[in-house]
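Summary of the model geometry
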Amino acid sequence: MRGWALAVVAAASVAGVALPQPASATVEASGQVIVVGVAGLRWSDVSTTATPTLASIVDGGAVGALSVRSAPAPPQVTCPGEGWLTLGAGGYAAVAEPYGAGCVGRHPPPVAVADHEADHEADDVPDGVTAWVPDLPRFGRLNAGLRFGARPGTLGDAVPCAGAVGPGAALAVADRAGIVDRYVPALPADPRPLFAGCPLTMVDLGSLPGGPTGAADRAGRLAEVDRALGTIVAARPSGSTLLVLGVAGSAGDPAPRLHLAALDGPGVEAGWLRSPSTRRTPYVQLSDVTPTVLTLLGREVPAGVAGLPVDGGGPGRPSTVDDTVHALVDLDRAAGAQRAAVAPFFAWYGVLLLLVFGTYALVRRRGGEPGTAAGRAALLLAAAPAGTFLANLVPWWRAPYPMVAAGAATLVAAGLIAAVALVGPWRARPGLMVAAVTAGVLTVDAVTGGTLQINSMLGYNPLVAGRFAGFGNLAFAVFATASLLAAAAAAGALRRRRAGAVVVVAAGAVALAVDGAPGWGADFGGVLTLAPAFAVLALLTAGAALRPVRLLLAGAAGAAAAVGIGVLDASRPPESRSHFGRFVAGLGDGSAAATVLRKLDANLDLLFSGPHTIAALVLTVAVSVWLVRAPAAFYAHAPWLRPALLSAVAMAWIAFATNDSGVAIPLVAMLVAAPTVLAVHTLNRPAEP
C-alpha cells in the first residue's frame, strides 16, 4: 500500500509537469465593441460572391466554429431566445422549461419602449427608463433553479452603458431588472450616433430561415443581412472591435449545428479564434462572448461566468476565405455526422454482442465447446472501442453515407488490432494484447492533443459542448477498463505475486499521469476513480485483503493527487487553467460547490432519463453482482481475470459516483470487459496467464 501511495504521488508530479500551455493571450482592451448576432448563421452561408461584406470581415479577422449550446442540450436546437440570453448571461441559459420541441415560445420576448411624449402611466416602462425587457426578472428566477444556474443580466450589470438594436440584443444587454440603456427596434440607416452613445452596442439582425421549408428564402434573407453588415462596417467607430456571431439555431432547424464566429479589431491577430474554455482551436462557445466583451472593454469579469475571453492568432488557418470556410464547414459536417451515427453504432454493437454471447451460451447449453470462431468474434468486439478512435484517422464524415463509413472504418481498425493480437509472438494471450493496444491508442492520443476523440463514436461532440479536450467520460471508461485488464494480465504472467503487484503499481502510475495531467487527459473525476481501482487490483494481485482502511487510504491518495494537480494548475493565470485549476480556484468563491451539485443533478437526470437508462442500470448492476460472486471455476483457467474484473467493477461504480454521465461509464466498461473475457475463455492456450 505504501508503494501505491508513492506511485500516486509520482503520477501527480508528472501530471503537474504536463500542464497545458496557455490557449491564448488575453484580448487587448478596445474603446468600443459592436456585437452582431444572426440566428442560424453558419459557415456554409459565407462566400465572396453572395456575402461580400461578411467575407471581408472573415478575411481580415480571427474566425472559429461557434458552439451555441444553451441550457436545453442536444438533440434540442438552441433557439434564438436561449442564444441571446446565454450570450448575456455568460452561461447556459433557458427562456422556458420544460424544454419543448421546436422554437415555439423560445424567441426573444417583446421589449417595452417608453413614449416620452405620452404619460408614463400609459406605458409599461418604469420612470426614467427608455426601454425594458419585462420578462428578464422571470428568466432570472427560472435559471436560478436550473442545473447551470445562469444569471441573465450579467453583461448588462457589468457595463456602464450598452445600446441594443432589436429584441434579441435587448435581451443580451439588459441588466437583471430588465433595463436597457439605449434601444432601437431596428438598425438605423445611419447607426453612427447609436454606436457613439455607449461603449457596447449589441445588434440583432434577426434570423435566417431554417429547415427544408426555409431553404428557398434563405439566400434573399442572407443578402439582407450582408447589406446590414455593410452599413455597420461603414459606420463603426475607428479603433472599435466587431464580433459577428451565428448566435443560435434557426426556427425549423432539425438538429443542432456549429455556427459562425468572427472577431475583427485593432488588437485582434488574424488566424483561428482560440478559447481557453475549449482548449481546442478553433472551437469557441457562446458563453465566451460575455467575458470577451468585458475584457475588450477593460471591465472585470464577474465570478460565476462560465466562459473565458477568446482571442485570435491561432495557427494553421488557410490563407484564403474559401479554404477557411471549407475547413469550418467540414468541422460542422463532422459534428453532425457523429451525432447522427452514435445511436445506431451503439445499437449495432449491442446486437453483435448479444449475437456472439447468445451463440456461445447456446453451444455451451447443448454441451458443445465453442470454437475459435466465437473467440475471434469476441476479440474483434473487444478491439472495437479502440477502432472507433482509430476510425477518425480517415474523414469518414465526408462519405456519401457517413454512418456506413464510420462503421466500416471501425471494423477495419478493430480487425487489424485483432489480427495483430492473434499472429504476433503474444498470440498465446491475445486478450492482453487487445487491452494493451486499446490503452496505448488512448495514451498516445491524449499526449498528442486528443484529435481522435472529438467526433468519434466513444468521444465527445462540440455540439454537446460538455468537453472539447482531454478524456471524455466514455473514453475514460475505455481507457481505465483496458488499462486494468492489461495490467492484470501482465501481472498474471509473472510467477511471483510481489513482482505482479509492482507491475500493477507501475501501470497505475502511468494511467494516473495520462488521465490526470491537465495538458493530457485533464480528468478530475478520473483521478479520483483510478487511484482506488488500481489499489484494489494491486492488493488482489499481491494476495492481500481488501481492508476498508486500505481502500480509504487509496481513495484519499486519489483525492490528494487530484487536488494537488488542481493547486498547481490554479497557480497559473485564469485564462491558462484547465478545469482542474478552475475547480480549485472555485473553492474560494463557492463556484466549486455549484459545480459538484450541477454534476450530481446531471447524473441523476441522465440516470432516469428514460426506460433505456433504467434497463442499462439494472443490467450493469446484475453483471457487477455476478462478477463479484462468480464461482472460482469461472476464473480457474485464467486466474488474473478475477482481480481484473473486480477492479474494473470498482472503477465503474466509483466513476458513476464521481462523474456526470449517469450509467454510461459502467455500461461502456462492461462493453469493453465482456468480450475480452469471452475471448480469453474461448482462445485459452497453455501459455495464457
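Details of the structure are given in the entry above.
Residues numbered from 1 in each chain as written. Predicted model: local features only at pLDDT ≥ 70, side-chain atom pairs only at ≥ 80, totals over all residues. Heavy atoms only, no water.

Per the counting criterion, the structure on display carries 3 cavities of 30 Å³ or more. Within this model, the largest cavity holds a volume of roughly 90 Å³. Surrounding the largest cavity, 13 residues form its lining, Val68, Arg69, Thr78, Pro256 and Leu463 being those nearest its centre. Considered class by class, the residues forming the lining of the largest cavity number 6 nonpolar, 5 polar and 2 charged. Within this model, the second largest cavity holds a volume of roughly 70 Å³. Around the second largest cavity, the lining residues are Leu66, Leu243, Leu245, Ala261, Leu273, Val284, Gln285, Asp288, Val289, Thr292 and Val310. Only strand E9 (241–245), strand E12 (283–285) and helix H9 (289–296) provide two or more residues apiece to the lining of the second largest cavity. (1 Å grid on protein atoms, 1.4 Å probe; cavity = no way out; pocket = protein on both sides within 12 Å on 5 of 7 lines; lining within 4 Å. Points joined across faces, edges and corners; volume = space filled by probe spheres on them. Nonpolar A, V, L, I, M, F, W, Y, C, P; charged D, E, K, R; others polar. Helix = DSSP H or I, 4+ residues; strand = E, 2+ residues; numbered from the N terminus.)

In this structure the tally under the stated criterion is 11 salt bridges. Of the charged contacts in the structure, one is a salt bridge between arginine 106 and glutamate 82, with a shortest N-O distance of 2.7 Å. Of the two residues, arginine 106 is situated in the loop between helix H3 (80–89) and strand E3 (112–113) and glutamate 82 in helix H3; the sequence distance between them amounts to 24 residues. Of the two residues examined, arginine 106 and glutamate 82, each falls in the buried class. The residue arginine 257 makes a salt bridge to aspartate 332 at a minimum N-O spacing of 2.7 Å. Of this pair, arginine 257 sits in the loop between E9 and strand E10 (259–264) while aspartate 332 sits in helix H10 (residues 321–365), and the two are 75 residues apart along the sequence. Where salt bridges share partners, they join Asp330, Arg333 and Arg398 into one cluster. (Salt bridge = Lys/Arg side-chain N within 4 Å of Asp/Glu carboxyl O. Buried < 20%, exposed > 50% of the residue type's maximum accessible area, 1.4 Å probe, protein only.)

Our focus in this paragraph is unusual backbone geometry. A cis geometry characterises the amide bond from threonine 281 onward to proline 282, with omega recorded as 5 degrees. Tracing the chain through its elements places proline 282 in the loop between strand E11 (271–274) and E12. Its identity is not glycine, yet arginine 279 carries a phi of approximately 55 degrees, on the positive side. Checked against the element boundaries, arginine 279 lands in the loop between E11 and E12. Owing to a relative accessible area of 24%, arginine 279 belongs among the partly exposed residues under this scheme.

This part is about the layout of surface pockets. Any space left empty among the atoms is revealed by the rolling of a water-sized probe across them. Considered as a void within the structure, the second largest pocket measures approximately 630 Å³ in volume. Lining of the second largest pocket is provided by 33 residues; of these, Arg280, Thr281, Tyr283, Thr451 and Ile454 occupy positions nearest its centre. Within the residue set of the lining of the second largest pocket, elements represented by two or more residues are H10 and helix H13 (430–447). Counting residues per element, the lining of the second largest pocket draws most heavily on H10, which supplies 5 residues. Looking at the lining of the second largest pocket residue by residue, the classes come out as 17 nonpolar, 12 polar and 4 charged.

Next up on the list: the packing of aromatic side chains. Under the definition given, this model contains 7 aromatic pairs. Here the aromatic rings of tyrosine 92 and phenylalanine 148 are separated by 4.9 Å at their centres, their planes lie at 75 degrees, and the arrangement is edge-to-face. Of the two residues, tyrosine 92 is situated in the loop between H3 and E3 and phenylalanine 148 in the loop between helix H4 (136–144) and helix H5 (154–158); the sequence distance between them amounts to 56 residues. Taking the relative accessible area as the measure of exposure, tyrosine 92 reaches 14% and is therefore buried. (Phe/Tyr/Trp six-rings, centres within 6.5 Å; stacked < 30°, edge-to-face > 60°.)

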